[in-house]
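Notes for the structure review
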Amino acid sequence: MRLFVSVDLPTAFAEPIADLQAAFEGASGLDFTDPEQAHVTMKFLGDTDPDRVGEITTALETAAETADVAPFEATFEGLGVFPSMEYISVLWLGVGQGGEQFRALQAPIEERLVELGFEPETHDFTPHVTLARMKHAGGKELVQQLVREREPTVGTTTVEAVNLTESRLKSEGPVYETVERVEL
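Residues numbered from 1 in each chain as written. Predicted model: local features only at pLDDT ≥ 70, side-chain atom pairs only at ≥ 80, totals over all residues. Heavy atoms only, no water.

In the annotation of an unreviewed UniProt entry, the entry for the chain reads RNA 2',3'-cyclic phosphodiesterase, and the organism field reads Halodesulfurarchaeum formicicum. Per UniProt, the chain carries the Sequence similarities (unreviewed entry) text "Belongs to the 2H phosphoesterase superfamily. ThpR family." (UniProt positions renumbered as here; feature names shortened; annotations may be inferred.)

Right, here's the structure in full:
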């Protein structure tokens, strides 16, 4: 199973995310994500033995308790890129309100899953929703311009849980399915 830990956005956000992505359609080189599957990745686990789902779920439950984060409001707004404006590999939608809670929740998730033998993250955690990946730099200037000029707000929602999610790669793109849900 190809697994990751996520906070999924409500389906009501799919249309405003699609509208936001449409502004970037003129930028060649962008490969857009499916707005119906919008989420914040808390930790990527990769190929994992299905027999480990139980221990991973237990680790997530422990992490949620340790984080002591109650359900919280999160506003999805603003644009950014990784790793930098000069070399863009990912275009993302950020988190305004709720960003601190995301970070407080992600730290024990990272810690517990590294204890189980998963690879530690090499970068500081930035809560975000991936809008597109840049396959080549043909449209880099347009992406830079729109990221600098636009300050979109997609919406605010209540984050109530983290999910253990399976990603199945299909020819038309990945399909995500919740394996386990851990309430905050």
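**Examining the environment of Ala74**
Here Ala74 lies in strand S4 (residues 72–83). Setting aside residues no more than four positions away along its own chain, Ala74 makes contact with Gln97, Gly98, Phe102, Gly155, Thr156, Thr157 and Val159. (Helix = DSSP H or I, 4+ residues; strand = E, 2+ residues; numbered from the N terminus. Contact = heavy atoms within 4.5 Å.)

**A closer look at the layout of surface pockets**
Reported here for the largest pocket is a volume of approximately 1200 Å³. Along its surface, the largest pocket is lined by 38 residues, and Thr41, Val90, His128, Thr130 and Arg133 are the ones closest to its centre. Of all the secondary-structure elements, those providing two or more residues to the lining of the largest pocket are strand S1 (2–8), strand S2 (30–32), strand S3 (39–47), S4, helix H3 (99–115), strand S6 (128–134), strand S8 (161–170) and strand S9 (173–183). Counted as a void, the second largest pocket has a volume near 170 Å³. In this structure, the second largest pocket is lined by Val7, Asp8, Leu9, Pro10, Phe76, Thr157, Thr158, Val159, Glu160, Ala161, Asn163 and Arg181. Secondary-structure elements contributing two or more residues to the lining of the second largest pocket are S1, strand S7 (153–159) and S8. Of all the elements, S7 adds the most residues to the lining of the second largest pocket, at three residues. Partitioned by chemical class, the residues of the lining of the second largest pocket number six nonpolar, three polar and three charged. (1 Å grid on protein atoms, 1.4 Å probe; cavity = no way out; pocket = protein on both sides within 12 Å on 5 of 7 lines; lining within 4 Å. Points joined across faces, edges and corners; volume = space filled by probe spheres on them. Nonpolar A, V, L, I, M, F, W, Y, C, P; charged D, E, K, R; others polar.)

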